[in-house]
Amino acid sequence: MVQPTLEETKEMGKITVNGQSLDLPVITGSENEQAVDISKLRGKTGFITMDPGLGNSGSCTSAITFLDGERGILRYRGYSIEQLAESATYTEVAYLLIYGELPSKTQLDTFSKKLSAHQELPAGLEKIFDALPAGIHPMAALSIVTESLSGFYPKLTNPALSKEEMDEVIVTLMGIFPALTAACYRKSKGLPLIAPRKDLSYGANYLTMAFGLPAGKNAPDEVMVQAFRQLLILHADHEQNCSTSTVRVVGSSRANGFASVASGINALWGPLHGGANQAVIEMLEQIQKSGGEFSKYLAMAKDKNSTFRLMGFGHRVYKNFDPRSRIIKVACDKVLAKMGIKDPTLDLAKQLEAAALADDYFVARKLYPNVDFYSGIILRALGIPTEQFTVIFALGRLSGWLAHWKEMLESPEFRIVRPRQIYTGSTERPFVPLAARG
Ligand code: ACO
């Protein structure tokens, strides 16, 4: 496995606070990205650093994913996202992310067999779905049932997992996730569950279990399967994003793998993160309902007195283009053309995209369509219900979460995550008894 060439260079950073200077080591990654190591800062000077949203703070070193937001580069373990999306299966990519190398044929067979061995829901889990209130959002259901796996596999919740047990957590979650995510849909509609199949790909198995098969067919439509394969690969990892950081933070307390992943699901659900794919379609439908006049919405997105944002636009890291969007846009056009789909909502999406890309506000702030803009559109074109979009994101992201969880637990840097703060509340004051407070 290629290890990152992480080195403390001879260069040192220097920080001077209150007249006191401290030399700080500079850390250089394998792609020459650099960090000033401030881990001794508080101990030596009493100062901490402040970085709301952590946009300038590295929380760990990682050998999983490299991305360069300025140049629009995304690579998993050194392999470009373009090549992986073109040629790999999702299971190969998951193996690559988790174990560091593309699998040999034997390794892939063994991994796939282990996933197949775990693809059935454990006895009793269906009852948890049945106990959930009608109309619960599928992301809430997914988080609850994922967390509940801690109870179905108690031996895997030990805080000091052996290497074998950690692998068992990984294949259990990876194996069960297509059935679990499909059940989120079937149960939300009051439909009976469909049994998993061992002869289908990871994505085709999900599609079959969630939505059934087209009449007279033994497998889902190939256009759909290929688009879905790409979607899962594009969503598989994105280094220290909100949900992955959440999995790492929760896992750093040595909470078990099921609990850590359930926390990632909750973080992903938010509309500023993975929930944006659902929010994009809801926004487009809202614009359509109000007559299709999107200039009012563009104006609202630019208005600092409004909390409205153009969903599916902007990214914390990508400031030129999101390489995933490029791939997905091509796939999206292919799907629309092959399926002969004419949908006014999708036409509106294209018009809105063109208008925003030509608008000074969006250009000046480098706000481009992100992966969720096009994934929302492609999932709609595939006929997938809007509420399931973020669940599908989670299905793809699971491999990335597990890769980071494993990397963190095995790292010599491992430490519970516990940030500092600057307190801005009241200074000490005496307690006032209730009677005296009026
Ligand atoms: N619509 C309108 N204005 C926006 C948008 C948007 N979608 N995104 C950012 N801006 C503006 C901000 O108001 C800010 O303007 P200002 O400099 O005049 O104050 C500027 O652009 C910078 O925005 P920040 O909020 O500082 O950017 P940040 O990196 O914190 O947020 C985020 C990134 C959350 C993705 C943001 O762009 C957003 O809310 N986008 C819409 C939601 C979305 O699509 N999320 C999916 C992201 S991809 C993913 O998670 C898989």
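Predicted model only: the values in this text are computed from it and were never measured.

Overview of helix α3 (residues 90-99)
Every α-helix winds through 3.6 residues per turn, so residues three or four apart in the chain are directed the same way. By the criterion of burial, α3 is predominantly enclosed, with 8 of the 10 residues buried. Listed in full, the buried residues belonging to α3 are Tyr-90, Thr-91, Val-93, Ala-94, Tyr-95, Leu-96, Leu-97 and Ile-98.

Notes on the state of the cysteines
The tally for this structure, following the rule as stated, stands at 0 disulfides. The structure places no disulfide on Cys-242, whose sulfur is separated from the nearest cysteine sulfur, that of Cys-60, by 14 Å. Overall, Cys-242 belongs to the partly exposed group, its relative accessible area being 45%.

What to know about the nonpolar core
Generally speaking, a soluble globular protein has its nonpolar side chains buried in company with each other. Counting residues in hydrophobic clusters, the biggest one holds 115 residues, and the most contacted among them are Tyr-76, Met-174, Phe-177 and Leu-310. When residues in this core are grouped by element, the largest group, 14 residues, is from helix α7 (residues 163-188). Those residues in contact with Leu-310 that sit more than four places away from it in its chain are Met-283, Leu-298, Ala-301, Leu-352, Ala-356 and Phe-362.

With respect to the pattern of salt bridges
Inspection of the entire model under this criterion finds 13 salt bridges. Here Asp-359 ties to Lys-302 by a salt bridge, and the two come within 2.8 Å at their closest N and O atoms. Residue Asp-359 is found in the loop between α15 (344-357) and α16 (360-364), and its partner Lys-302 is found in helix α13 (residues 295-302); the two are separated by 57 residues along the sequence. Classification of Asp-359 by relative accessible area gives buried; the value is 14%.

What to know about the site of the ligand
Near the ligand, the surroundings consist of 21 residues, among which Arg-309, Leu-310, Gly-312, Phe-313 and Arg-316 are the closest. Contact distances for the ligand include 2.9 Å between an oxygen atom and a side-chain N or O atom of His-273. A distance of 2.8 Å separates a nitrogen atom of the ligand from a polar backbone atom of Leu-310. Relative to its unbound accessible surface of 930 Å², the ligand loses 76% to contact with the protein. Here the shell around the ligand is composed, by residue class, of 11 nonpolar, 5 polar and 5 charged.

Section: the pairing of strand β4 (residues 65-68)
Burial along β4 is two-sided: Thr-65 and Leu-67 and Phe-66 and Asp-68, pointing in opposite directions, are all buried. Pairing of β4 with strand β5 (residues 73-76) involves 4 bridges; the strand directions are antiparallel. Across the sheet, Thr-65 pairs through a bridge with Tyr-76, a residue of β5. Between β4 and β5, which pair antiparallel in sequence order, lie 4 residues; one of them, Gly-72, sits at a positive phi of approximately 65°.

Regarding the packing of helix α4 (residues 105-117) against α7
Contact geometry for α4 and α7: axes closest at 7 Å, N-to-C directions at 65°. Classified by the angle between their axes, α4 and α7 sit roughly perpendicular to one another. Between α4 and α7 lies a crossing whose hand is right-handed. Residues Phe-111, Lys-114 and Leu-115 of α4 form the contact with α7, whose own contacting residues are Val-171, Met-174 and Gly-175.

Examining the side chain of Ser-143
Looking at the secondary structure, you find Ser-143 in helix α6 (residues 138-152). Given a relative accessible area of 9%, Ser-143 falls into the buried group. The residues contacting Ser-143, other than those within four sequence positions of it, are Ala-262, Ile-265 and Asn-266.

Each value, and the rule that gives it
- Residues numbered from 1 in each chain as written.
- Predicted model: local features only at pLDDT ≥ 70, side-chain atom pairs only at ≥ 80, totals over all residues.
- Heavy atoms only, no water.
- Buried < 20%, exposed > 50% of the residue type's maximum accessible area, 1.4 Å probe, protein only.
- Helix = DSSP H or I, 4+ residues; strand = E, 2+ residues; numbered from the N terminus.
- Disulfide = S-S within 2.5 Å.
- Core = buried A, V, L, I, M, F, W, Y, C linked by side-chain atoms within 4.5 Å.
- Contact = heavy atoms within 4.5 Å.
- Salt bridge = Lys/Arg side-chain N within 4 Å of Asp/Glu carboxyl O.
- Near = heavy atom within 4 Å.
- Polar contact = N/O pair within 3.5 Å; in protein donor to acceptor, adjacent residues only side chain to side chain.
- Areas by Shrake-Rupley, 256 points an atom, 1.4 Å probe, with all protein chains shown as cover.
- Nonpolar A, V, L, I, M, F, W, Y, C, P; charged D, E, K, R; others polar.
- Pairing = 2+ DSSP bridges.
- Axes fitted to C-alpha atoms, helices over the stretch in contact; angles between N-to-C directions.
- Parallel < 35°, antiparallel > 145°, perpendicular 65-115°, else oblique.
- Left-handed = near helix turned anticlockwise from the far one by under 90°.

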